[in-house]
Amino acid sequence: MKALPNILSVGRILLTLAMFAALVAIGAGRDPGGQLAAFAFWAFVIAAVTDFLDGWLARRFDAITVWGTILDPIGDKILVCGAVIGLLAAGAGPAFALPAGLILFREFAVSALREVGAARGLKLPVTGLAKWKTAVQLVALATMLGTALLPFLPPFLPLGLVWVAALLTVWTGIEYLVQTRRGLASLT
């Protein structure tokens, strides 16, 4: 039971790679029946659920490990970035490109801030708003991936949710930048 959270994190990464490959194939016109689109959607949904489960199980069963603390955030970034880039490759369209770019920029920028901070002994704890940001990102990307499978969704909803996710993403990125600047200033 103690290894289950890490197994879920590795599974999330593998599912994300499969989802990404399916989206690239869709972009290349290799999904006339829509099976790859359905696979990409369900792979993403299952991977997103494991994001919640692995952390909950690790805390519940006192199974927090060094590998888990490494794999979980990496799995999160790979899932979000893989879905964003995969959707772009599948032809999500120019209206998706700007919020997608904002999401990608923030994800890489915050990773860099964490790395710079860690090298100087500064920790950047995940904020409550950043956890909500991740949840909104996952819901928004799921709706983008599921537009063909979820015909009851209003047409503006998937892209609208992506914009909400992008704005939360930028906001939390700014919070981390301010937190890093303050932390580094206090070290000098």
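Reading the values: rules and limits
Residues numbered from 1 in each chain as written. Predicted model: local features only at pLDDT ≥ 70, side-chain atom pairs only at ≥ 80, totals over all residues. Heavy atoms only, no water. Salt bridge = Lys/Arg side-chain N within 4 Å of Asp/Glu carboxyl O. Helix = DSSP H or I, 4+ residues; strand = E, 2+ residues; numbered from the N terminus. Buried < 20%, exposed > 50% of the residue type's maximum accessible area, 1.4 Å probe, protein only. pLDDT = per-residue confidence, 0-100. Core = buried A, V, L, I, M, F, W, Y, C linked by side-chain atoms within 4.5 Å. Contact = heavy atoms within 4.5 Å. Axes fitted to C-alpha atoms, helices over the stretch in contact; angles between N-to-C directions. Parallel < 35°, antiparallel > 145°, perpendicular 65-115°, else oblique. Left-handed = near helix turned anticlockwise from the far one by under 90°. Nonpolar A, V, L, I, M, F, W, Y, C, P; charged D, E, K, R; others polar.

Draft legend 1. View of the pattern of salt bridges. Evaluation of the coordinates by the stated rule reveals 6 salt bridges. Close ionic contact of Arg 12 with Asp 54 constitutes a salt bridge, the shortest N to O distance being 2.9 Å. With a gap of 42 residues between them, Arg 12 in helix α1 (residues 4–27) and Asp 54 in helix α2 (residues 35–60) connect regions that are remote in the sequence. As far as burial versus exposure is concerned, Arg 12 and Asp 54 are alike and both buried. Residues Arg 106 and Glu 107 are paired through a salt bridge, measuring 3.4 Å at the closest nitrogen-oxygen approach. When sorted by exposure, Arg 106 lands in the same class as Glu 107, which is buried.

Draft legend 2. Layout of the confidence of the model for the chain. Of the residues in the chain, 100% reach a pLDDT of 70 or more, and the chain-wide mean stands at 93. Looking across the chain, the model is least confident in helix α3 (residues 66–89), with a mean pLDDT of 93, and most confident in α1, with 96.

Draft legend 3. Representation of the nonpolar core within the structure. By size, the foremost hydrophobic cluster in this structure holds 28 residues, and its most contacted members are Met 19, Phe 44, Val 84, Phe 96, Leu 141 and Leu 145. Secondary-structure elements contributing two or more residues to this core are α1, α2, α3, α4 (94–119), α5 (128–145) and α6 (157–187). Those residues in contact with Phe 44 that lie beyond four places of it in its chain are Met 19, Leu 79, Ala 83, Leu 138, Leu 141, Ala 142 and Leu 145. If you look at the next biggest cluster of nonpolar residues, it comprises 5 residues, including Val 110, Leu 124, Ala 130 and Tyr 176.

Draft legend 4. Structural context of unusual backbone geometry. Positive phi, close to 45 degrees, is recorded for Asp 62, a residue that is not glycine. Relative to the elements of secondary structure, Asp 62 occurs in the loop between α2 and α3. Taking the relative accessible area as the measure of exposure, Asp 62 reaches 61% and is therefore exposed.

Draft legend 5. Main features of the packing of α2 against α3. Two elements in contact, α2 and α3, have axes whose closest approach is 11 Å; the angle formed by their N-to-C orientations is 155 degrees. Put simply, α2 runs roughly antiparallel to α3. The handedness of the crossing between α2 and α3 comes out as left-handed. Residue-level contacts link Phe 44, Ala 47, Ala 48, Asp 51 and Asp 54 of α2 to Asp 72, Asp 76, Leu 79 and Ala 83 of α3. Taken together, the residues that form the contact of α2 with α3 break down as 5 nonpolar, no polar and 4 charged.

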